[in-house]
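Coordinate inspection notes
These are the residues of each chain, in order.
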Amino acid sequence: MADDCFGHPRLAAIYDPLDPDRSDLDAYLRMAEEFGARQILDIGCGTGVFALLLADGGVDVVGIDPARASIDVARAKPGSERVRWICGDATDLPPLRADLAAMTANVAQAIVDPGTWRKTLRGAREALRPGGLLVFETRDPAKRAWEEWTRENSYRVTEIPGVGSVESWVQLIEVSRPLVTFRGTYVFAADGQVLTSDSTLRFREREEVETDLVTQGYVVEDVRDAPDRPGKEFVFLARRA
């Protein structure tokens, strides 16, 4: 099940305006170029920002996400016809021979169930050509990012064309390592509606991720720093064995 911030139609429609700075994707675009990837699988594509950036560069892209509302937003964007959109998860993929599969932002951490995580890694591997790469990021648990997830740090008011003013903030709910749960709250000034979305992320240790990758048939090529959050995340590059 997708979190409401992705699966509720009203929240999916404002996801991009509430998070307009996607400079975190620059590193993934550079890796796609670095490895000469011409067919890319975007797992957890959400509203399609990364997939459409890739398509703009002439890449053959498949974007998959379990949230129908987010896929609908992606399909409504200019240029969306250049991307193959699938509503589902990495176990619902057609036969592919992708050069690269990516899970950007929180996608990998949002897969909290160990069994589902293993199935996702297997599904991604099956979608890759021999020697293809899987890339994704996950926060370093030692940096305790959740301590900054407070209303005081996150409260803002955003004016969205066609929607009006929206108040939003996040608040930490529970820390039960390795799981961390937080709630997003959204207040629509136009009609006073208040919507919330609870999300849980799994903070995996580096060694745990490397073990999972090897077990599922990958060779860990590199573990890089995240340019947008230096010293706070691991960026894994794993090659299909």
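Described below are features of the structure shown in this document. (Residues numbered from 1 in each chain as written. Predicted model: local features only at pLDDT ≥ 70, side-chain atom pairs only at ≥ 80, totals over all residues. Heavy atoms only, no water.)

Following the criterion strictly, the structure yields nine aromatic pairs and no others. Ring centres of Trp146 and Phe203 lie 4.9 Å apart, and the angle between their planes is 85°; on these two criteria the pair is classed as edge-to-face. Of this pair, Trp146 sits in the loop between strand S5 (128–139) and helix H9 (151–154) while Phe203 sits in the loop between strand S9 (194–202) and helix H10 (206–215); the two residues are 57 residues apart in sequence, bridging distant segments of the chain. Of the two residues, Trp146 and Phe203, both sit in the buried class. (Phe/Tyr/Trp six-rings, centres within 6.5 Å; stacked < 30°, edge-to-face > 60°. Helix = DSSP H or I, 4+ residues; strand = E, 2+ residues; numbered from the N terminus. Buried < 20%, exposed > 50% of the residue type's maximum accessible area, 1.4 Å probe, protein only.)

Moving on, we come to the nonpolar core. The nonpolar side chains of a soluble globular protein tend to be buried, and buried together. Counting residues in each nonpolar core, the largest one holds 28 residues, and the members touching the most others are Leu41, Met103, Leu134, Phe136 and Leu213. The leading source of residues in this core is helix H8 (residues 114–127), at four residues. Those residues within four positions of Phe136 in sequence are excluded, and the remaining contacts are Tyr28, Met103, Ala108, Trp117, Val209, Leu213, Phe234, Val235 and Phe236. With 24 residues, the next largest nonpolar core counts Met31, Phe50, Leu54 and Val61 among its residues. (Core = buried A, V, L, I, M, F, W, Y, C linked by side-chain atoms within 4.5 Å. Contact = heavy atoms within 4.5 Å.)

Looking now at the pairing of strand S7 (residues 164–176). Both strand S6 (residues 156–160) and S7 contribute to a ladder of five bridges, which runs antiparallel. Its bridge partner being in S7, Thr158 is matched across the sheet by Val166. Where S6 folds back on S7, the antiparallel hairpin that results is connected by three residues, among which Gly162 adopts a positive phi of roughly 80°. The sheet contact formed by S7 and strand S8 (residues 179–188) spans 10 bridges and is antiparallel. Along S8, the bridge assignment pairs Ser176 with Leu179. The loop that links S7 with its antiparallel partner S8 comprises two residues. (Pairing = 2+ DSSP bridges.)

Here Asp4 shows up in helix H1 (residues 4–7). The class for Asp4 is partly exposed, based on a relative accessible area of 39%. Remark: the alpha-carbon pair of Asp4 and Leu213, spanning 209 residues in sequence, is separated by 29 Å. Those residues within four positions of Asp4 in sequence are excluded, and the remaining contacts are Leu11, Thr196 and Ser197.

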